[in-house]
Amino acid sequence: MIRVILWDVDNTLLDFIAAERQALQHCFARFGLGPCDEDRVKRYSALNASFWRRLEKGEISKQELLPGRFQAFFEAEGIPFTAYLDFNEAYQRELGDTIVFLDDSYAVIRSFQGKARQYAVTNGTLVAQSRKLEKSGIGAMLDGAFISEQMGAEKPSPAYFDKVLQAIGPCAREEVLIVGDSLTSDMRGGSWAGLRCCWYNPQGAPLPEDMTIHYDIRHLSQVAEVLQQEEAR
């Protein structure tokens, strides 16, 4: 029986791609950096994702990632701009202010209130994720949020999940379900921690062979079916 649900935030509960696009375009306008069309957004998105994968592997720190991605991006785009920290600070606020729900996630979370304890687990920055959770109303429905900057560790590291489970309190690991879109942080981390793993996979990508994934869903509403199956297990 599932007693605790751990929700990833970006690209699981909330549309990170939409927020990323708006944040980047607004910051380009704010700093007078010229046009930021869809092709430029896509190039940034790919570069940004590569930096986060390096973070998950422990190759860089978040302090290196945040300004470093913008330095690499501006240099690749040939933009003579070096106020990386200022740009990042504005970008984090913009990210936190853009709320686009995925699969009516607000209603999904509300439907589980009183049935399971629910927490957010995220590698996003404290500024952006705190704003997202507050402005979306999701934070008020959850029992807590574990933002990696506050935890001193990142998904998928065992240290991160050990700290999360310690904070939650006495609970068998098989009674904890993690729901997320990322194979490299959510599913790998959950698998290493011995949790029940539910991959939010709306595109129907093939299941990986190198990690344990118990459930593969296309829509967040299917989490209700997962809980029913776990109860009958």
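In what follows, the accompanying structure is described. Everything numeric in this text was worked out from a predicted model, so none of it was measured.

## Structural notes on the pairing of strand β4 (residues 176–180)
Turning to step 1, where the next piece is worked out: Extensive coverage of β4 is indicated by the burial of 5 of its 5 residues.
Turning to step 2, where the next piece is worked out: In this structure, strand β1 (residues 4–7) lies alongside β4, joined through 4 bridges in parallel fashion. Pairing of Val4 across the sheet is with Val176, part of β4.
Turning to step 3, where the next piece is worked out: Bridge count for β4 against strand β5 (residues 196–200) is 4 bridges, and the pairing is parallel.

## A word on helix α6 (residues 126–136)
Turning to step 1, where the next piece is worked out: Residues of α6 that are buried: Ala128, Gln129, Lys132, Leu133 and Ser136. Axial view of α6: buried residues confined to an arc of 120°, hence all on one face.
Turning to step 2, where the next piece is worked out: Those residues of α6 that are buried lie in contact with α1 (16–30), α4 (84–97), α5 (105–111), β2 (117–122), α7 (138–141) and β3 (144–147).
Turning to step 3, where the next piece is worked out: Just downstream of α6 lies Gly137, where phi reads positive at about 85°.

## With respect to the packing of α1 against α4
Turning to step 1, where the next piece is worked out: For the pair α1 and α4, the least separation of the axes is 8 Å and the interaxial angle reads 135°. The orientation of α1 with respect to α4, classified from their angle, is oblique. Relative to α4, α1 is oriented so that their crossing is right-handed. Every residue of α4 that contacts α1 at Phe16, Ala19, Glu20, Ala23, Leu24, His26, Cys27, Phe28 and Arg30 is listed here: Phe87, Ala90, Tyr91, Arg93, Glu94 and Leu95.
Turning to step 2, where the next piece is worked out: Classifying every residue of the contact of α1 with α4 by side-chain character gives 10 nonpolar, 1 polar and 4 charged.

## Overview of the packing of aromatic side chains
Turning to step 1, where the next piece is worked out: Taken as a whole and assessed by the stated rule, the structure comprises 20 aromatic pairs.
Turning to step 2, where the next piece is worked out: Ring geometry for Phe28 against Phe87: centres 6.1 Å apart, planes inclined by 90°, an arrangement best described as edge-to-face. Taken as a pair, Phe28 in helix α1 and Phe87 in helix α4 lie far apart in primary sequence, 59 residues in all.
Turning to step 3, where the next piece is worked out: A centroid spacing of 5.2 Å and a plane angle of 80° characterise the contact between Phe70 and Tyr91, whose relative ring orientation is edge-to-face. Of this pair, Phe70 sits in helix α3 (residues 62–77) while Tyr91 sits in helix α4; the two residues are 21 residues apart in sequence, bridging distant segments of the chain.
Turning to step 4, where the next piece is worked out: Accessibility expressed as a relative area gives 0% for Tyr91, which makes it buried.
Turning to step 5, where the next piece is worked out: Following the ring pairs from residue to residue traces out a cluster consisting of Phe28, Phe31, Tyr44, Phe70, Phe73, Phe74, Phe81, Tyr84, Phe87 and Tyr91.
Turning to step 6, where the next piece is worked out: Positioned above the aromatic ring of Phe51, the side-chain terminus of Arg54 is 5.4 Å from the ring centre.

## A word on the sheet that holds strand β6 (residues 215–217)
Turning to step 1, where the next piece is worked out: With respect to topology, 6 strands assemble into an open sheet ordered β3-β2-β1-β4-β5-β6, the strand pairing being parallel. With partners counted over all chains shown, the strands left at the sheet margins are β3 and β6, one partner each. Averaged over all adjacent pairs, the angle separating strand axes in this sheet is 20°, with direction ignored.
Turning to step 2, where the next piece is worked out: Sheet strands in contact with helix α10 (residues 183–193) are β4 and β5, and its direction is about 165° off that of β5.

## Overview of helix α2 (residues 38–56)
Turning to step 1, where the next piece is worked out: With 19 residues, α2 should cover 27 Å at 1.5 Å per step; its first-to-last C-alpha distance of 27 Å lies within 8% of that length.
Turning to step 2, where the next piece is worked out: Three or more residues of α2 are buried, namely Arg40, Val41, Tyr44, Ser45, Leu47, Asn48, Phe51, Trp52, Leu55 and Glu56.
Turning to step 3, where the next piece is worked out: Against α1, α3, α4 and α10 lie the buried residues of α2.
Turning to step 4, where the next piece is worked out: Backbone geometry just after α2 places Gly58 at a positive phi near 80°.

## Brief notes about the nonpolar core
Turning to step 1, where the next piece is worked out: In this structure, Leu24, Phe28, Phe70, Phe74, Phe87 and Tyr91 are the most contacted members of the largest nonpolar core, which totals 28 residues.
Turning to step 2, where the next piece is worked out: For this core, the secondary structure elements donating two or more residues are α1, α2, α3 and α4.
Turning to step 3, where the next piece is worked out: When near neighbours in sequence (up to four residues on either side) are disregarded, Tyr91 contacts Phe16, Glu20, Ala23, Leu24, Cys27, Tyr44, Arg69 and Phe70.
Turning to step 4, where the next piece is worked out: Counting 26 residues, the second largest nonpolar core, distinct from the first, contains Ile109, Ala120, Cys198 and Tyr215.

Procedures and definitions
- Residues numbered from 1 in each chain as written.
- Predicted model: local features only at pLDDT ≥ 70, side-chain atom pairs only at ≥ 80, totals over all residues.
- Heavy atoms only, no water.
- Buried < 20%, exposed > 50% of the residue type's maximum accessible area, 1.4 Å probe, protein only.
- Helix = DSSP H or I, 4+ residues; strand = E, 2+ residues; numbered from the N terminus.
- Pairing = 2+ DSSP bridges.
- Arc of directions from axis to C-beta.
- Contact = heavy atoms within 4.5 Å.
- Axes fitted to C-alpha atoms, helices over the stretch in contact; angles between N-to-C directions.
- Parallel < 35°, antiparallel > 145°, perpendicular 65-115°, else oblique.
- Left-handed = near helix turned anticlockwise from the far one by under 90°.
- Nonpolar A, V, L, I, M, F, W, Y, C, P; charged D, E, K, R; others polar.
- Phe/Tyr/Trp six-rings, centres within 6.5 Å; stacked < 30°, edge-to-face > 60°.
- Lys NZ or Arg CZ within 6 Å of the ring centre and 35° of its normal.
- Expected span 1.5 Å × (residues − 1).
- Core = buried A, V, L, I, M, F, W, Y, C linked by side-chain atoms within 4.5 Å.

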